[in-house]
Amino acid sequence: MSQPAAAPNAAPAWRQFPFFDVVPVKDIHDLGSAPEVFHKTPEISTITPSSVGLVVADIHGSVYLVSRDFEIAKSWIAHTGGRVTHMAERKGILITLGEEDTSRHPFLKIWDMQNFDKKTGAPLLLRAAKVQSGNRPHPVSALALSASLSYLAIGLGDGTVILYRHLDQSIYSASGSLSTLPKARVIHESPTEPVTGLGFREPTEEHPNVYLFIVTTNRVLCYQASGKGSGGIPTVVDEIGAGLGCATMDWKAHEVVVARDEAIYLCGTESRGPCYAYEGPKSSIYTHRNYIVIVSPPFTPSASAASATVRNFVAKTTTPSGGDITKLTVFDPENQYVAHSGTFTEGVREVFSTWGKLYVLSNDGKLLCLEEKSTSTKLDMLYRKGLYTLALNIAETQKLDEPHIADIHKQYGDHLYAKGDYDNAMQQYIQTIRYVQPSYVIRKFLDAQRIHNLVTYLQELHSLGLANSDHTTLLLNTYTKLKDVTRLDSFIKRESLRTSADGAKDELPFDLDTAIRVCRQAGYFEHASYLAKKYERHEDYLRIQIEDAGNYKDALKYLRRLGAEAAESNLARYGRAMLDNLPEETTDLLIDICTSLSPLSVEADEEEGAPAKQSGGGPSYLSYLALSRTPATVAPPESAPTAGAQTNGTKAPEPISRRDSVQETSRTSSPPPATPTAATSAKTRTSSFKRPSPRLYFAHFVDHPQHFVRFLEIVSLKRWGQAVENTSDPLQVETDPNADEQAEERDQAAVWNTLFELYLSQPAGSTSSNAKALAVLQNTRLPYDPTHALILCSTRGFTPGLVLLWERMGMQEDVIRFFMDGHQDGDPDASAEVVRRLDQYGPGRPQLYPLVLRFLTSTPALLTKHREDVVRVLKVIDEEKLMPPVSVVQVLSRNSVASVGLVKEWLMARIKSAREEVDTDQKLITSYRTETEGKMRQVEELSDPDHPRVFHVTQCSACQGGLDLPAVHFMCNHSYHQRCLPQNETECPNCAREHGIIREIRRNNERLADQHELFLAEVREGGFDALSTGFSRGILNLSRAEDVGA
């Protein structure tokens, strides 16, 4: 809004612009003259625009409806015998006020401009009535009609104002006569102050009531026509009135414009608003869009006039002076400039605004159209004069879209930039964001001297959420170049300005990855870590703390807060670095992760979060934090608390502490959030994740064998209840419901295989480690891999373990051979160990005796040392018949170590025993031959049919009773009573069973004779014994095989 005039006596020094072009309007049929309707201009009484066209009335009571081409479309006599004085139109309803010869009082008529009589061509007359206030007639001085047709106000020359309420209801009501109108109400009377203007303030959302402005010659009043409190007495708004025709409503219908000789005033419903100093007499005032049109009364022009328009008129006029002229001025009160100023020698009859243009009708019947130049043309004119502020005000007044306004700001910014006013230029460029490419502005301010302006622009880009990663990089680099830690800190701590669809703030005003990367590159590790922790970029945070800042303690606490599930993947990457610097604490964390089913314990959150709770009124806590400029590997603390005593996996981390840089002077920055969001959720949720495999972290302990041993021992104890010393059932531990049994078994084997290897890898002479390694092998409940352990014992030379594993695997011969090889390698006690192991294993494995016999007789020294043992071995071989004498002799005679005297007695005993066996066998052979010969003779006798058989049996073989007739005798010398035998029995009952068994054996042997693969397998397994057995069964009896085949 413009400012009130400082001095009403001084004319305003407003700028003037030719924003309107004057174009004469000609008759469409005769281009040499004005439109026909204006040929008798002196007879025209009033003109009013309407929604259906231009309405013109004359002093004869006729009304003309004029089209856009100024052709008369309709005409009719509205008031007979009189003139039309006032007209108003809303929504196609025309109200005329005029004089008629039949009445002393003014006549009100209401016409329907959308329905015309086909015969007369006149619109439909809805109502006609007299306007009467008292007995004496008074002329109508002002007329006002509300936009909704609800209210009609008429002002009379005696200062009376008449108001018709609910006019629309009366008009559209089918009942009632032609003269039926709502009851008129006198709302104002002032006999000494004629009414010079009326206007309705239309309702808005903020002010829903309808108000009527009443302008008299001395005052401006406001009357509330609707709403709560309506119907009262009009209130005085201003004590300054106006002449007839010098009051009108503004273009928004919110305020009444009152023109006085000294100034122009705007009055609202409560008080007078701004006024604009514009000195000079005024005959009438009009509005056209946002412009106010002022017409001055005729005056004599002078070359010394204050108005430049008048002076120019005088300079251009060649006729003699003495004629009066009328000045018309179009100005914009809000932006305080004159858009057009012109003079008319014949005076101005009427000014009206319709079809978006301003028309001026002079007294000589000429119609001029004031066409407003296009907005672009007006802006170009302002650009040439450098009036960019005015251009912006005009664009805002005319409701230009944002891209056009942004272009004005761009032009303004370029203008200021060319003048060297970089600060103000940047303020204009900021207004172009979203519509001008940021690169256009950024290129202008890349110079080091203008970097502050560049920072302002980039900050605004980020605040609006329009920055990309390159903009973020550039902004952060400018901060670092300026070393402006305060603004850098403010930037990274900025909350999100963009919201997602669900209303949650989840979008940052800058590219997070870029911000973290640039802060790291510039050495602002605290800022980078702040961003990474706040927005849960766990990997970035750990990378900064470990690789850049060397803040291993903080990284370890952060990992513990993340919880086992989130820390698992990060430890897989940074576990080795953490172990190199904080071996004890890192080992404890790894143990907790691999064994704990509940969230990791964090007990220092309150202490860490305390600095963040300081109020803004106190000293900033940023100054207490240090930040290194360049990344440096920070050595771990010289002393750290021992974590070996931790057994429950709930170690409470120390409060976060910040360390000064060891490289350069520290930079202040804001601290990261006390705890990440993930940690808070990890402490409250119920554990449902699967414990990671300990094998994930084996590689990290390459250079930390002692911590590796502790890690494996505690993990196996807490996770599976297994320990080296525990030989009974495993200890009771909490089981993981999500665990994979097969994976757990593989993990157990890997843990114990690795732990066994670590025990064996301890420095030489470490008796405790060797004892633990042997205890692992002796504990049969531990799930180590015996083959793997055997390889380790062999490569590490762990003899007790090697022997134990061989014994457990049933490889006693390998144990003995191991000690035999030890003797070959010079171990003096190896031979005694061979003998001892033989005594231990020999009873169950007799094949070891020949092996040991060969060993003990391999050298004279062994034979001399173990002569008694050799004798004892030979005795066992003899007793168990492990070797034939020939084999023993061959073993002893393979070299010249053993003498005959060593085995003389043993050989003599064996020879004597062999002779006795031969004699016994000879006797058996003789008896078998004698028996066979007897059987053969018996067979011959039975086979001879001529040889009689005499039976001397007197006893029944079945009932053992005396044998009497009838009796049955069998050739096998068995006799029976006939009654003791089954009927039709032809075979001896006593011999039939034995003969059946023999026949079944023969049939089985005959079937086996065709199963050649089975026979060959028996031969491969049994050798000659299998062949002899085959002969005995008749398998190899060819004649029998032929019989079977037949």
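Since the model is a prediction, treat every value here as computed from it, not as a measurement. (Residues numbered from 1 in each chain as written. Predicted model: local features only at pLDDT ≥ 70, side-chain atom pairs only at ≥ 80, totals over all residues. Heavy atoms only, no water.)

Undergrad: Is there a simple way to explain the environment of serine 146 in this structure?
TA: Locating serine 146 in the fold gives a position in the loop between strand E11 (140-145) and strand E12 (151-156). Taking the C-alpha atoms as reference points, serine 146 and tyrosine 211, separated by 65 residues in sequence, lie 9.7 Å from one another. Apart from the residues lying within four places of it in its own chain, the contact partners of serine 146 are Arg90, Tyr151, Phe200 and Glu202. (Helix = DSSP H or I, 4+ residues; strand = E, 2+ residues; numbered from the N terminus. Contact = heavy atoms within 4.5 Å.)

Undergrad: Even after reading the chapter, I still don't get the sheet that holds strand E24 (residues 291-295), so can you show me in this structure?
TA: Consider a sheet: its strands pair through backbone hydrogen bonds, and that pairing is either parallel or antiparallel. Here we have five strands laid out as an open sheet, ordered E1-E26-E25-E24-E23, and mixed in their pairing. Every other strand in the sheet has two partners, leaving strand E1 (15-16) and strand E23 (284-288) as the edge strands with one partner each. Taken together, the two bridges between E1 and strand E26 (residues 337-344) define a ladder with parallel strand orientation. In the sheet register, glutamine 16 faces E26, and the bridge partner there is valine 338. (Pairing = 2+ DSSP bridges.)

Undergrad: Looking at this structure, I do not really get unusual backbone geometry. What am I missing?
TA: Negative phi is the rule for most residues except glycine; trans is the rule for most peptide bonds. For the bond running from leucine 965 to proline 966, omega is -5 degrees, close enough to zero to count as cis. Relative to the elements of secondary structure, proline 966 occurs in the loop between helix H30 (900-943) and strand E32 (967-969). A positive phi angle is found at leucine 149, which is not glycine, with a value near 65 degrees. A residue is classified by how much of its surface remains accessible, and leucine 149, at 1% relative accessible area, is buried. The backbone of arginine 434 shows a phi angle near 90 degrees, a positive value even though the residue is not glycine. Residue placement: arginine 434 occurs in the loop between helix H6 (422-430) and helix H7 (438-444). Overall, arginine 434 belongs to the exposed group, its relative accessible area being 55%. (Buried < 20%, exposed > 50% of the residue type's maximum accessible area, 1.4 Å probe, protein only.)

Undergrad: Can you help me understand the packing of helix H8 (residues 451-463) against helix H9 (residues 469-482) in this one?
TA: A pair of packed helices is captured by two measures, namely the crossing angle of their axes and the spacing between those axes. Running from N to C, H8 and H9 cross one another at 140 degrees; their axes reach a closest spacing of 10 Å. It follows that H8 is oblique to H9 by the angle criterion. Taken as a pair, H8 and H9 cross one another with a handedness that is left-handed. Side by side, H8 and H9 meet where Ile451, His452, Leu454, Val455, Leu458, Gln459, Leu461 and His462 of the first sit next to His471, Thr472, Leu474, Leu475, Thr478, Tyr479, Lys481 and Leu482 of the second. (Axes fitted to C-alpha atoms, helices over the stretch in contact; angles between N-to-C directions. Parallel < 35°, antiparallel > 145°, perpendicular 65-115°, else oblique. Left-handed = near helix turned anticlockwise from the far one by under 90°.)

Undergrad: In this structure, what is going on with the pattern of salt bridges? I would like to understand it.
TA: Side chains bearing opposite charge may pair, as long as their charged atoms lie close to each other. Within the structure shown, the criterion is met by 32 salt bridges. Among the salt bridges present, the one from arginine 560 reaches aspartate 592, with a minimum N-O distance of 3.0 Å. On the criterion of sequence distance, the pair formed by arginine 560 in helix H14 (residues 552-562) and aspartate 592 in helix H16 (residues 583-595) is long-range, its members being 32 residues apart. Judged on exposure class, the residue arginine 560 and its partner aspartate 592 are both buried. Across the salt bridge formed by glutamate 584 and arginine 710, the nearest N and O atoms sit 3.0 Å from each other. Here glutamate 584 is found in helix H16, whereas its partner arginine 710 is found in helix H19 (residues 705-720), with 126 residues between them in sequence. By relative accessible area, which is 16% here, arginine 710 ends up buried. (Salt bridge = Lys/Arg side-chain N within 4 Å of Asp/Glu carboxyl O.)

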